Amino acid sequence: MVSKPNRRTVLGASAGAVLAGGLAAPATASAARPGHVTVPSPNGLLRVTVSVANGRLRYGVVRRGRVLVASSGLGLDLAERPLLTGGLVVESVERRTIDESWQPLWGPDALVRNHARECVLRTVQSSTGTRLDLIVRVFDDGVGFRYHLPAQAGLGTYTVTAERTEFALPPTATSWSLAAGTDWNADERHYRQARLSDVDTAQTPLTLATPDGQHIVVHEAALIDYPSMTLAAGSGRPGTFTSELISLPDGTKARLSGEFSTPWRTLTIGDRPGDLAESHLIENLNEPCALTDTSWISPGTYVGVWWELQRRHTTWTEGPRHGATTERVKQYIDLAREAGASHVLAEGWNTNAGGEWTGQDFLTPQPDFDLPEVLRYARANGIGFVAHNETRGFVDYYEQHLDTIFARYAELGIHSIKTGYATRFELGGVNRSHYDQEAVRHYQRVIDAAARHKIMINAHEAIKPTGLARTYPNMMTGEGVAGMEQHNYMGPRGNPPEQATILPFTRFMGGPADYTPGVLNVTWDPAGLGTRVQTTSAAQLALYSVFHSPTQMLADTPENYRSHPGFAYLKDMPASWDETRFLDCVIGDYTVAARRKGDTWYLGAITDEHDRTLRVPLRFLGPGRHSAEIYRDAVDTSWHDNPLPIDVHTRTVRSATVLTLRLVAGGGTAIRFRPTRS
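Residues numbered from 1 in each chain as written. Predicted model: local features only at pLDDT ≥ 70, side-chain atom pairs only at ≥ 80, totals over all residues. Heavy atoms only, no water.

Colleague: What is the right way to look at the sheet that holds strand β25 (residues 384-390) in this model?
Modeller: Strands sit in the order β30-β29-β26-β25-β24-β23-β31 across an open sheet of seven strands; the sheet is parallel. A strand with exactly one partner marks an edge of an open sheet, and here the two such strands are β30 (475-478) and β31 (551-553). When the angles between neighbouring strand axes are averaged without regard to direction, this sheet yields 30 degrees. For β25 and strand β26 (residues 416-420), the ladder comprises five bridges, and the chain directions are parallel. Each residue of the ladder has a partner; that of N389, found in β26, is T419. Of the strands in this sheet, β23 (300-305) and β24 (343-346) touch helix α4 (residues 326-339), which is tilted by about 155 degrees from β23. (Pairing = 2+ DSSP bridges. Helix = DSSP H or I, 4+ residues; strand = E, 2+ residues; numbered from the N terminus. Axes fitted to C-alpha atoms, helices over the stretch in contact; angles between N-to-C directions. Contact = heavy atoms within 4.5 Å.)

Here you go:
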């Protein structure tokens, strides 16, 4: 079922589902030993220079004459070998142009162009004969580069002890980032805004805006068989960061053998924040689809027993308040049918879910959950079932039984699961970081096993996305974000409204997130927790255009949906799109995004903790008249005191129309545009 990309070779730009273009120019090589190489983007506005200076590889990035990355060092440290940060000379340079178009199985756009100029610098360390290649690809919207260790004598098995990639970024830039961490919830925190020179460490993606209006995201692509990269500020060089790989328990970074290519180090670059959110650079640096049959993979929305658990209305554990009973899940199946959702999730369906989460086998239902009857009822209503697999850190058991579990699911007709790794990550008998090399390998093994049994994955508490869904499209979505549940766990302030305006340009740069939006009764607090969702109801509707996930949740309960007028907007909500536009955005302040499915557009506008009035031209609409179904905060809506009221009205618009959107603090507007016949 799965043909894995060969990580031991230079990963080329071979095109799966190539529709146009192709490799416009063959690779060319030079026997000369240049000390300085320039690689321009296809449009010539972006230029990367690579050189060997004093025996060390270095690079820099300039766009429209502005230095975005000053001269920065490159290299690797291998155990018991001379460091690959000195003594290098360039043996040859190879160049080629990549130009292809491909169709994602799902995503924000139905067609993606992959257009870049590539340069491979082949270097050798004179004193040892060790060979190290640097592969650089320059797109109009950014840069990707990676190290490649060719097959060579004396390099059988080896250990990476450090990666020495530098990013000399503008120190006066404004940045948005998370502090680097190794805990299971390191990615589930609130983004901080700071002057870049004041940032000590960062997870990636790290996003910044320069004083002259350039926007940059530092991240990585194609993370396979290698630890996650974080960033650490260099001493005495404000704005300069060095890659810091998450360590294995013994302190080393990666154990490798033979020919190997590291993940890409990426810089996504644009004039507007919207240029970042619309970029496909991360996906384009991943290999084409490795699955021979993808007919079983289908994007869609889902509902389920989840939010009522978060709000402690019901429990994961068996007992009088157990949530995932046969009857309750049937009610959610009815909701899914009414909403046009494709799946129903049941957390707490299996024996020993909840509490200590010990002794689970992921196959035995709780006594009050009749799995065959639920599956029968779901099939009768055209709804799939999502099985929850929360390991709670007991990863060894899960990995040892993956094929048994997934094979049984396939027999039962279960083709979607939600995995979880909350708290620790005990793998190989060792409690390790969720982000080290062995953890990354585990996540890949889950994806591979799931593909063998035609199962789609929604992974929580897992590694950040790096565009691998292009290669493995059954890896639908994941968490790695302070999502809806953090309105419970972050205290009375929950997620401050500004967070939603930051996420499209940070966390979502690597791929989709299961943020679980759509809680319309934002003040619902059945257990008296003293917390609530920190938005208005209208803002929850707007998130479906702002956030993308091919497995997108409608997170509220059946009772809350049926009593709220905003539920009508969510019915038949797409989860994969034909076209995406980020129209007007200021990171941390407000975001306006529009997505098209067929001839219908959905627009979402959200704001931070401040009231705003925005003027939004509708130039993205096609010719003719369109009916605009508008869901907005009512006149008396207030984020703090009265967040539930929604005003719903319809008007006729054209592409020449400019809408005026009044957004209350923490609020939003959601609009569905349909062409009219007259």
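Colleague: What's the story with the sheet that holds strand β36 (residues 626-633) in this structure? I'm lost.
Modeller: The strands making up a sheet are joined through hydrogen bonds of the backbone, oriented either antiparallel or parallel. Spatially, the six strands line up as an open sheet ordered β32-β33-β34-β39-β36-β37, and their pairing is antiparallel. Each having just a single partner strand, β32 (579-586) and β37 (646-653) make up the two edges of the open sheet. Ignoring strand direction, the axes of neighbouring strands in this sheet form an average angle of 15 degrees. One ladder, built from seven bridges, connects β36 with strand β39 (residues 668-675); its direction is antiparallel. When the sheet's bridge partners are listed, I630 is paired in β39 with I671.

Colleague: Quick question: what am I supposed to make of α4 here?
Modeller: For an α-helix the count is 3.6 residues per turn, leaving residues at separations of three or four pointing the same way. With 14 residues, α4 ought to run about 20 Å at 1.5 Å a step, and its terminal C-alpha atoms sit 20 Å apart, in line with that. Among all positions in α4, only T326, R328, V329, K330, Y332, I333, L335, A336 and A339 are buried. On its buried side, α4 packs onto β23, α3 (307-310), β24, α5 (371-380), α12 (558-562) and α13 (567-570). Of the residues trailing α4, G340 is marked for its positive phi of about 75 degrees. (Expected span 1.5 Å × (residues − 1). Buried < 20%, exposed > 50% of the residue type's maximum accessible area, 1.4 Å probe, protein only.)

Colleague: Please explain the pattern of salt bridges as it appears in this structure.
Modeller: Oppositely charged side chains may form a pair once their charged atoms are brought near each other. Across all of its chains, the model carries 46 salt bridges by this definition. Across the pair E163 and R265 runs a salt bridge whose closest N-O atoms are separated by 2.8 Å. A residue pair is termed long-range when its members are at least 10 positions apart, and E163 in strand β11 (residues 157-163) and R265 in strand β22 (residues 264-270) qualify at 102 residues. Accessibility assignment for this pair places E163 and R265 in one class, buried. Between D250 and R255 there is a salt bridge, with the nearest N and O atoms lying 2.2 Å from each other. Members of the salt-bridge network, linked through shared partners, are E163, E220, R265 and K464. (Salt bridge = Lys/Arg side-chain N within 4 Å of Asp/Glu carboxyl O.)

Colleague: What is the right way to read the environment of S197 from this model?
Modeller: Assignment of secondary structure puts S197 in the loop between β14 (192-195) and β15 (201-203). For S197, a relative accessible area of 28% translates into the label partly exposed. The residues contacting S197, other than those within four sequence positions of it, are P171, P238 and G239.

Colleague: Looking at this model, I keep getting lost on the side chain of T240. Mind explaining?
Modeller: Within the secondary structure layout, T240 lies in strand β19 (residues 240-245). Beyond its immediate chain neighbours, meaning those up to four positions away, T240 contacts F167, A168, A232, A233 and G234.

Colleague: Would you take a moment to explain the environment of P365 for this structure?
Modeller: With respect to the helices and strands, the residue P365 is situated in the loop between β24 and α5. By relative accessible area, P365 is classed as partly exposed at 25%. In this structure, the C-alpha to C-alpha distance between P365 and V430, residues 65 residues apart in sequence, is 29 Å. What P365 contacts, discounting residues up to four positions off in sequence, is W349, N350, T351 and L371.

Colleague: Is there a simple way to explain the packing of helix α7 (residues 402-412) against helix α8 (residues 437-452) in this structure?
Modeller: Each pair of packed helices can be summarised by the angle the axes make with each other and by the distance between the axes. Interhelical geometry of α7 versus α8 gives an angle of 35 degrees and a closest axis separation of 9 Å. For the crossing formed where α7 meets α8, the hand is right-handed. Of α8, the residues touching α7 (which contributes L402, D403 and F406) are R445, V446, A449, A450 and R452. Taken together, the residues that form the contact of α7 with α8 break down as five nonpolar, no polar and three charged. (Left-handed = near helix turned anticlockwise from the far one by under 90°. Nonpolar A, V, L, I, M, F, W, Y, C, P; charged D, E, K, R; others polar.)

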